[in-house]
Amino acid sequence: MAAATSLLSEDQFLCPICLDVFTDPVSTPCGHNFCKNCISEHWNIAVQCQCPICKKLFYTKPELQINVFISEMVAQFRQSAQQRASSSRSEQQAAKPGEVPCDVCTGTKLKAVKSCLVCLVSYCEIHLEPHLNISGLKRHELIDPVENLEVRMCMKHDKALELFCKDDQTCVCMVCTILNHKAHEVVPLKEEYEEKKAELEKTEAEIQQMIQKRQLKIQEIKQSVKLSKENADKEIAEDVQAFTKLKESVEKFQARVITMIEEKQKRTEKQAEGFIKELEQEISELKKRSSELEKLTCSEDHLHLLQSFPSPNAAPPTKDWTDVKVCLPSNDGTVKTVVDQLVERLKKMYGELMWVQQYAVDVTLDPDTAYPKLVLSDDEKQVHHVDARKNLPDNPERFSISACVLGKQTVSSGKIYFEVQVKGKSDWILGVARESINRKGLSAISCENGYWTVCLTNENMYFALVDTPVCLSLKSKPQKVGVFVDYEEGLVSFYDVDAAALIYSYTGCSFNENLLPFFCPCSNQGGKNSTPLIISPVHHTE
């Protein structure tokens with residue numbers, strides 16, 4: 001028998017339905033062989049009772065009997081396979097903890113090298129051999145070894161989950177499609193896998209783009225911090241240099257003033273010393289004369305007293321000291337006054353800006369108000385003008401003619417402050433505006449029409465846009481402008497942040513409705529004025 005089985009092909013021991021080695025093989029009246037359980041289940045499901053191979057129709061279900069000959073051949077085949085497996089088992093590696101073991105091995109479980117998605121069994125190299133050599137088994141789908149293959153079986157019908165129901169978004173077996181998903185759209189598992197995999201790859205690509213955008217934003221923020229640090233270092237260096245020069249000048253002037261005061265004091269002391277010396281000389285002469293008179297008074301010689309009696313004018317010559325005074329130095333405090341005024345001016349310059357900066361708010365741009373030729377950054381902090389007009393809905397809030405945009409933050413009471421970088425621009429307009437301003441037609445930007453703004457035109461002309469524009473004379477070109485609003489006081493002030501200097505103030509304003517931050521980057525002028533207006537974080541002046 002062993003010799004006979006060695007001459008037979010392994011394909012001859014496979015059931016045409018399950019494509020595995022026969023289990024309880026039976027023969028149909030037409031002469032074809034199947035596992036008893038396979039053919040029985042097939043006929044239980046099928047509408048007509050017919051042979052799966054030759055399609056012969058049986059009007060009544062045939063009574064099936066075990067094919068003893070094939071059963072013996074299969075037993076011999078299994079024994080031969082086990083012997084071959086035993087002879088090479090010593091050469092194979094036993095499965096270690098964490099590795100998938102072979103489901104077929106008895107005794108020591110060898111390491112599985114593949115799992116079959118059709119058989120739902122994991123195989124070592126030895127037991128995988130039929131899947132590599134037998135034509136029927138070659139069609140089975142093999143994957144790297146995985147555990148829990150039972151989850152790939154239908155819990156209801158004990159069949160492989162090889163299909164996917166799109167309607168119910170679930171994996172199903174062939175029986176499920178006949179009984180429970182008959183009218184549903186069902187596709188092979190691999191097809192749905194490819195589709196889902198494509199979706200995942202698309203999603204993953206989108207996430208990568210989001211990551212890249214955020215990494216670029218981090219670089220942008222770091223670059224902004226770097227530029228800010230460079231500007232701060234430059235400004236500190238310039239301020240240190242200016243204050244050093246001021247200190248040197250003050251120290252030189254202080255030395256001169258001290259020398260002048262000391263020289264005045266020396267002259268006063270010299271004058272006083274002269275007066276004292278002269279007075280001491282007179283005192284000495286007067287004491288000498290007093291001593292002579294005292295001796296004469298004590299004399300009892302009548303003749304001698306009368307002969308020696310001095311005349312009234314015989315007193316030593318003396319000076320009239322009644323109106324003599326030491327001239328005090330004239331220290332009128334002029335220098336101290338000038339220094340005090342300089343200190344107060346510095347305090348006012350920096351102190352006022354520090355005071356308004358405490359009312360800083362986080363202002364962002366409102367895209368629903370932006371003129372269609374304006375481009376806003378993703379963080380709604382920057383705006384610049386382009387030539388191409390975007391196709392945007394013409395909602396009531398949007399400017400349709402003027403290149404303007406409003407901030408989202410409403411001012412109806414209290415105080416607010418924000419800063420805008422205008423560096424690199426030749427034209428711009430900044431300030432606040434009433435919520436009800438005309439956004440669809442042409443109207444002058446003025447207080448009368450609900451705007452409180454300042455602007456730059458032609459690179460060097462600054463104006464406060466009151467009803468009749470006021471030309472502003474600035475000592476330096478502002479790189480960053482601060483805007484302060486005190487709603488109750490009716491005050492709108494503008495500051496050169498870097499110079500800590502007041503640019504202009506609107507006072508006594510009448511605010512009878514909500515105010516909004518107002519921005520106009522003006523036309524890009526062929527790229528000359530393409531630099532954006534940037535709402536900057538407020539760094540409090542120390």
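Keep in mind that what you see is a predicted model, and the values were worked out from it rather than measured.

**Q** Pulling in residues and values, what's your account of the overall build of the chain?
**A** When helices and strands are counted, the chain shows 9 helices and 21 strands. The C-alpha radius of gyration computed for the chain amounts to 54 Å, which surpasses the reference 24 Å derived for 542 residues by more than 25%, pointing to a less compact arrangement than a globule. The C-alpha extent of the chain, read off along each of the three principal axes, is 195 × 70 × 40 Å. Per-residue burial over the chain gives 31% buried out of 542 residues. Considering only contacts in the chain between residues 6 or more positions apart, those separated by 24 or more positions represent 56%. Element-wise, carbon and sulfur atoms account for 54% of the exposed surface of the chain, whose accessible area totals about 34,200 Å². Of note, the chain has its 64 positive side-chain charges centred 3 Å away from the centre of its 77 negative side-chain charges.

**Q** Give a detailed account of helix α7 (residues 189-297), specifying residues and quantitative values.
**A** If you check α7, its first and last C-alpha atoms are 152 Å apart, about what 109 residues at 1.5 Å a residue would give, namely 162 Å. Restricting attention to buried positions, one finds in α7 the residues E192, V257, T268, A272, F275, E282 and L296.

**Q** Could you give an account of the packing of aromatic side chains, with specific residues and numbers?
**A** Overall, the coordinates contain 13 aromatic pairs when judged by the stated rule. Summarising the aromatic geometry, the rings of W43 and F58 are spaced 6.1 Å apart at their centres and angled 65 degrees between planes, so their arrangement reads as edge-to-face. Pair noted here: W43 is in helix α2 (residues 36-45) and F58 is in the loop between α2 and α3 (68-89), with a separation of 15 residues, a long-range link. According to the relative accessible area criterion, W43 is buried, its value standing at 5%. Since its relative accessible area comes to 9%, F58 is described here as buried. Considering the side-chain rings of W355 and Y359, the 5.4 Å spacing of their centres and the 70 degrees angle between planes classify their relative orientation as edge-to-face. Judged by relative accessible area, which is 40%, W355 ranks as partly exposed. Its relative accessible area of 25% is what places Y359 among the partly exposed residues. By the ring-pair criterion, three or more aromatic residues cluster together here, those being W355, Y359 and F484.

**Q** Account for the sheet that holds strand β8 (residues 186-188), with residues named and values stated.
**A** Ordered by their spatial adjacency, 3 strands build an open sheet running β7-β6-β8, and the pairing between neighbours is antiparallel. Of all the strands in the sheet, just β7 (170-172) and β8 have a single pairing partner and so form its edges. Averaged over all pairs of adjacent strands, the angle between their axes in this sheet comes to 35 degrees, without regard to strand direction. By the bridge criterion, 3 bridges tie strand β6 (residues 163-165) to β7 in an arrangement that is antiparallel. Of the residues in β7, the one forming a bridge with L163 is V172. Contacting β6, β7 and β8, α7 crosses the sheet at an angle of about 90 degrees to β8.

**Q** Summarise the environment of T410; cite the residues concerned and give the values.
**A** Looking at where T410 falls in the secondary structure, it is placed in the loop between β11 (405-406) and β12 (415-421). For T410, a relative accessible area of 43% gives the class partly exposed. Taking C-alpha positions, T410 is 40 Å from E204, a pair spaced 206 residues apart along the chain. Not counting residues up to four positions away in its chain, the partners in contact with T410 are N514, L515 and L516.

**Q** Can you explain a nonpolar patch on the surface? Please cite residues and give values.
**A** Among the surface-exposed residues, I45, M174, I178 and L179 lie close enough to one another that they form a single nonpolar patch of about 370 Å² accessible area. Here the element with the most residues in the nonpolar patch is helix α6 (residues 174-179); it accounts for 3 residues. Classification of L179 as exposed rests on a relative accessible area of 57%.

**Q** Could you give me a rundown of the environment of C447, with the residues and numbers involved?
**A** Here C447 shows up in the loop between β13 (428-434) and β14 (451-457). The residues contacting C447, other than those within four sequence positions of it, are R434, W452, L465, V466, D467 and Y506.

**Q** Describe in detail the sheet that holds β14, supporting the description with residues and values.
**A** Two pairing modes exist for strands in a sheet, parallel and antiparallel, and in both the strands are linked by backbone hydrogen bonds. Ordered by their spatial adjacency, 6 strands build an open sheet running β11-β20-β13-β14-β15-β16, and the pairing between neighbours is antiparallel. Only two strands of the sheet have a single neighbouring strand rather than two, namely β11 and β16 (470-472). By the bridge criterion, 3 bridges tie strand β15 (residues 461-464) to β16 in an arrangement that is antiparallel. When the bridges of β16 are listed, F463 appears paired with C471.

The rules behind the values
- Residues numbered from 1 in each chain as written.
- Predicted model: local features only at pLDDT ≥ 70, side-chain atom pairs only at ≥ 80, totals over all residues.
- Heavy atoms only, no water.
- Helix = DSSP H or I, 4+ residues; strand = E, 2+ residues; numbered from the N terminus.
- Rg over C-alpha atoms; globule rule 2.2 N^0.38 Å.
- Buried < 20%, exposed > 50% of the residue type's maximum accessible area, 1.4 Å probe, protein only.
- Contact = heavy atoms within 4.5 Å.
- Areas by Shrake-Rupley, 256 points an atom, 1.4 Å probe, with all protein chains shown as cover.
- Lys, Arg positive; Asp, Glu negative; His and termini not counted.
- Charge placed at Lys NZ, Arg CZ, Asp CG, Glu CD.
- Expected span 1.5 Å × (residues − 1).
- Phe/Tyr/Trp six-rings, centres within 6.5 Å; stacked < 30°, edge-to-face > 60°.
- Pairing = 2+ DSSP bridges.
- Axes fitted to C-alpha atoms, helices over the stretch in contact; angles between N-to-C directions.
- Patch = residues over 30% accessible without salt bridge, like charges linked within 9 Å, V, L, I, M, F, W, Y side chains within 5 Å.
- Salt bridge = Lys/Arg side-chain N within 4 Å of Asp/Glu carboxyl O.

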